[in-house]
Structures are given as C-alpha cells and as structure tokens.
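Residue strings, one per chain:
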Amino acid sequence: MGAVVDDGSRFEVVSREDFSEVTYLLEIRHPMMARAARPGQFVIVMAHARGERIPLTLADFDRAKGTVTLVVQAVGKTTRQMQQHCHVGTELYGLVGPLGVPSAIGSAKKVVCVGGGLGVAPIFPQARAHRASGAYVIGVVGFRSRSLMFWEERFRACCNELIVCTDDGSAGIKGFVTDGIRHALERHADVDEVVAIGPPVMMRACAEATRPRGIKTVVSLNPVMVDGTGMCGGCRVKIGGEVRFACVDGPDFDAHRVDFDDLMARLRRHAVAERAAAERWSETCRMQRPPEPPAEEPLPLPDPFEEVRGG
Ligand SMILES: Cc1cc2nc3c(=O)[nH]c(=O)nc-3n(C[C@H](O)[C@H](O)[C@H](O)COP(=O)(O)OP(=O)(O)OC[C@H]3O[C@@H](n4cnc5c(N)ncnc54)[C@H](O)[C@@H]3O)c2cc1C
Ligand code: FES
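The following paragraphs examine the structure supplied in this document. (Residues numbered from 1 in each chain as written. Chains lettered and ligands numbered in written order. Predicted model: local features only at pLDDT ≥ 70, side-chain atom pairs only at ≥ 80, totals over all residues. Heavy atoms only, no water.)

### Overview of the state of the cysteines
Then, number 1: For the coordinates displayed, the defined rule picks out 0 disulfides.
Then, number 2: Cysteine Cys158 remains unbridged, with the sulfur of Cys159 as its closest cysteine sulfur at 4.0 Å.
Then, number 3: Taking relative accessible area as the criterion, Cys158 reaches 8% and is therefore assigned buried. (Disulfide = S-S within 2.5 Å. Buried < 20%, exposed > 50% of the residue type's maximum accessible area, 1.4 Å probe, protein only.)

### What to know about the packing of aromatic side chains
Then, number 1: Enumeration over the complete set of coordinates arrives at 6 aromatic pairs.
Then, number 2: Seen from their ring centres, Phe19 and Trp151 are 6.3 Å apart, and the 80° between their planes marks the pair as edge-to-face. Placement of the pair is Phe19 in the loop between strand E1 (11-18) and strand E2 (23-29) and Trp151 in the loop between strand E10 (136-143) and helix H4 (152-158), with a sequence separation of 132 residues.
Then, number 3: Ring geometry for Phe124 against Phe155: centres 5.6 Å apart, planes inclined by 70°, an arrangement best described as edge-to-face. Note that Phe124 is positioned in helix H3 (residues 120-132) and Phe155 in helix H4, a separation of 31 residues in sequence. You'll find Phe124 and Phe155 in the same group, each marked buried.
Then, number 4: By way of ring pairs, the aromatic residues Phe19, Phe124, Phe143, Phe150, Trp151 and Phe155 are connected into one cluster.
Then, number 5: Lying across the ring of Trp151, Arg154 places its NZ or CZ 4.1 Å from the centre. (Phe/Tyr/Trp six-rings, centres within 6.5 Å; stacked < 30°, edge-to-face > 60°. Helix = DSSP H or I, 4+ residues; strand = E, 2+ residues; numbered from the N terminus. Lys NZ or Arg CZ within 6 Å of the ring centre and 35° of its normal.)

### Digging into the sheet that holds strand E11 (residues 161-166)
Then, number 1: Taken in spatial order, the 7 strands of this open sheet run E12-E11-E10-E9-E13-E14-E17, and their pairing is mixed. Two strands in the sheet have a free side with no partner beyond their single neighbour: strand E12 (173-174) and strand E17 (252-254).
Then, number 2: In this sheet, strand E13 (residues 193-197) lies alongside strand E9 (residues 110-116) in parallel orientation, the contact comprising 5 bridges. Note that in E13 the partner of Val114 across the bridge is Ala196.
Then, number 3: Contacts between helix H6 (residues 200-210) and the sheet are confined to E9, E13 and strand E14 (216-220), with E13 contributing the most and set at about 165° to the helix. (Pairing = 2+ DSSP bridges. Contact = heavy atoms within 4.5 Å. Axes fitted to C-alpha atoms, helices over the stretch in contact; angles between N-to-C directions.)

### Section: the side chain of Glu193
Then, number 1: Within the secondary structure layout, Glu193 lies in strand E13.
Then, number 2: You can call Glu193 buried: its relative accessible area is 4%.
Then, number 3: Those residues within four positions of Glu193 in sequence are excluded, and the remaining contacts are Ala108, Lys110, Val111, Val112, His130, Ile215, Lys216 and Val218.

### What about the nonpolar core?
Then, number 1: Core analysis: the biggest nonpolar cluster contains 36 residues, and Val112, Val114, Val219, Leu221 and Phe260 have the highest contact counts within it.
Then, number 2: Looking at which domains feed residues into this core, each of domain 1 (11-99) and domain 2 (110-217 + 254-266) gives three or more.
Then, number 3: Setting aside its immediate chain neighbours within four residues, Val114 contacts Ile123, Val140, Val177, Ile181, Val194, Val195, Ala196, Ile197, Met202 and Cys206.
Then, number 4: In terms of nonpolar packing, the next biggest core, distinct from the first, is built from 29 residues, Ala108, Cys159, Leu162 and Val218 among them. (Core = buried A, V, L, I, M, F, W, Y, C linked by side-chain atoms within 4.5 Å. Domains from an automatic or database assignment.)

### Considering the pattern of salt bridges
Then, number 1: Counted according to the given criterion, the structure contains 15 salt bridges.
Then, number 2: Glu12 is the salt-bridge partner of Arg29, the closest N and O atoms lying 3.8 Å from each other. Here Arg29 is found in strand E2, whereas its partner Glu12 is found in strand E1, with 17 residues between them in sequence.
Then, number 3: One salt-bridge network, in which partners are shared between bridges, spans Asp60, Arg128 and Arg154. (Salt bridge = Lys/Arg side-chain N within 4 Å of Asp/Glu carboxyl O.)

### Let's talk about the pairing of E1
Then, number 1: Where E1 lies against strand E7 (residues 91-92), 2 bridges are found, and the strand directions are antiparallel. The residue bridging Glu12 from the neighbouring strand is Glu91, located in E7.
Then, number 2: As defined by bridge partners, E1 adjoins E2 across 5 bridges and the pair is classed as antiparallel. By the bridge assignment for E2, Arg16 is matched with Leu26.
Then, number 3: The hairpin turn running from E1 into E2, its antiparallel successor, is 4 residues long.

### What to know about the environment of Val72
Then, number 1: With respect to the helices and strands, Val72 occurs in strand E6 (residues 67-73).
Then, number 2: C-alpha of Val72 to C-alpha of Thr57: the two residues are 15 residues apart in sequence and 9.0 Å apart in space.
Then, number 3: Each residue touching Val72, except ones within four places of it in the same chain, is listed here: Val22, Thr23, Tyr24, Leu56, Thr79 and Leu118.

As structure tokens, this is what we get:
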C-alpha cells in the first residue's frame, strides 16, 4: 500500500474543550494555515457539504503542531450543529483562510487588550503578539460570572498585567470591561493603544471610554459575511461615513470612526430567518431523539447583541 499523502485537505478536529454549555474550543489540523496565520485574521468554516459558511476568528495557531484554534459560541443553527457534531476525530468539510488584514502590531509601546465574553479568545493572539513585539501589555477580560471564565492562565502568562471583570463580582473587579479600561488608564497615563473585541455594544462602549482621551482604539468588526473575499458586499460597514468591506479592508477598524448603529441594524436584519432556521433544526433534532421527560426550562441561547460582555 502506498504512503498516504497529507495534502492538508482533511480538516480534522484534534482537540476540543467545552468552556461552558454554549462555548467550545476546536483545535483543527491545518499545517499550511498555521504557518500563514497572523493575529486578527479569520477563517470561513463549512461544517458539512450543505452547511452554511460562517466566519470565525483564529483564536490561536501553533506552527509547530500545525494546528489552528477556534473558539465558538453556539448562538444559532450552524454553531449549535457544530457543537453537537464536531468532536475529536471528526472533520470539517471546508476551512478557508487565513482571511482579512492582520492586526497592526509593533508600533505601540503600551497596549490595553480588551476581550468581552467570547471576544477573550480572538484578543489572545493580539495580546501575545504585542508582548512579543516588546510592548507593555495590559489585558482586560470580562465575563458575566466566574463560571464562564476561560484562558485566565494564558492571559496571565502573556500580559504584564491582567484585569479580570465580572458582572456579578464573582471574580476580579465587579463591573464591565469599560471599568477595567478606566482602571488601566488611571494607572497608566501613557497607554498609546486600546484594542477591543466583543459584542458590538461592548466595542462601542470601549470606543466611548477612550474617545475623550484621544487614545487610538481598534475594534474587530463582525458583520454578516458570506464569501469573505470582497465579492458579495454582505459585510459592508460604515467607517467615517465611507463604506468598507470588513472581510478585505478589516476586520480591524478605528473604533472612533465606526458607525455602530449601522452595524447593529445590519446584523439584526436576518433575525427572523435565523430564528426560524434554528427552530427548524431543533425540531428535527427532537424528532430524531427518543422522547425525553419535559425539561424544566430550555437553555436560553446567548444573544450576541444584548450582552454587554457575552460569555
Ligand atoms: C470576522 C468575524 C469573526 C467572527 N469570529 C467568531 C468567533 O471567533 N467565534 C464565534 O463564535 N463567532 C464568531 N463570529 C460570529 C459567527 O460568525 C456567527 O455567530 C455565526 O455565523 C452564527 O451562525 P449560526 O447559524 O450559528 O447562527 P444564526 O442564527 O444564523 O445567527 C446568529 C447571529 O450570528 C450572526 N451571523 C449569522 N450568520 C453570520 C455570518 N455568515 N457571518 C457573520 N455573522 C453571522 C448574526 O449576527 C446573527 O444574528 C465572527 C463573525 C465575524 C464576521
Ligand atoms: S463577505 Fe462578501 S464582501 Fe465581505
């Protein structure tokens, strides 16, 4: 039998970790992508042949192991399907990337890297790269409560300082990531850049927290994407009154110039169809399972807009 040639086209899940009932990590074997990946970039995933294409940010990449890491929040049909089906040894049908303009690293001397809820994962490669470039890095990570926290040790290892914020005060300071930013800025008058990733409402609040001081602030935008190559126009965002395509011009943009109202209105546009797709899928799953005793309360899905900090 001839040798099996590894052409990198099998996107095997080599490890999985569940951080909470709705958040899970998938590490996927893709040596070529691991070599090419840069902080701030994303991929387009197709879980199966007839699956939707969804964009996910590279939360990590390991060139030596030849893997890339995605952290996913189950918010609708596709991310819930993946939560159910993507286990170690399974394969993704398609994985395209790395896409998007890599984050600008190297010019800032003191950086605050802010991640809210799920945004904690994609901010990690940026925090690590800023530190590697010689910058002093202050991490600010926010969750609703201690039980939803993940990667605290990773951040402690790569940041000079870490401020943990929880809505309920169960870990770190009680408050939002914007409180964490204010703490950092009170102690460090010489911060020259803030980078924030999380739900749009959180990123807008971060932009408003830094605007009065005129500190350069960068956010990673998450409009609906289809092709991820600048062809479909689905990911139009308004930056300083001008139209940009987040997939090829971003996803990083100057937070003080982003039209967040437009972003949020566009994200809500397909809400009815998305809810219907998730309900149809749930119904199909229920019909395929043997009958269960009635649950007390169905698990509420996270709303990517209402949450200030996600999780
Ligand atoms: C550049 C970028 C990076 C992202 N990184 C991550 C990540 O690392 N982890 C993560 O969990 N999520 C990430 N997202 C969001 C993720 O793509 C959506 O949660 C996912 O597509 C939802 O699909 P669904 O079928 O499960 O849910 P649906 O019910 O279809 O949608 C739920 C919500 O997700 C958003 N969404 C739906 N389809 C898309 C789409 N094609 N493109 C973008 N947003 C969509 C909409 O706001 C929608 O209201 C990212 C989005 C972008 C644009
Ligand atoms: S996703 Fe189609 S243009 Fe950006």
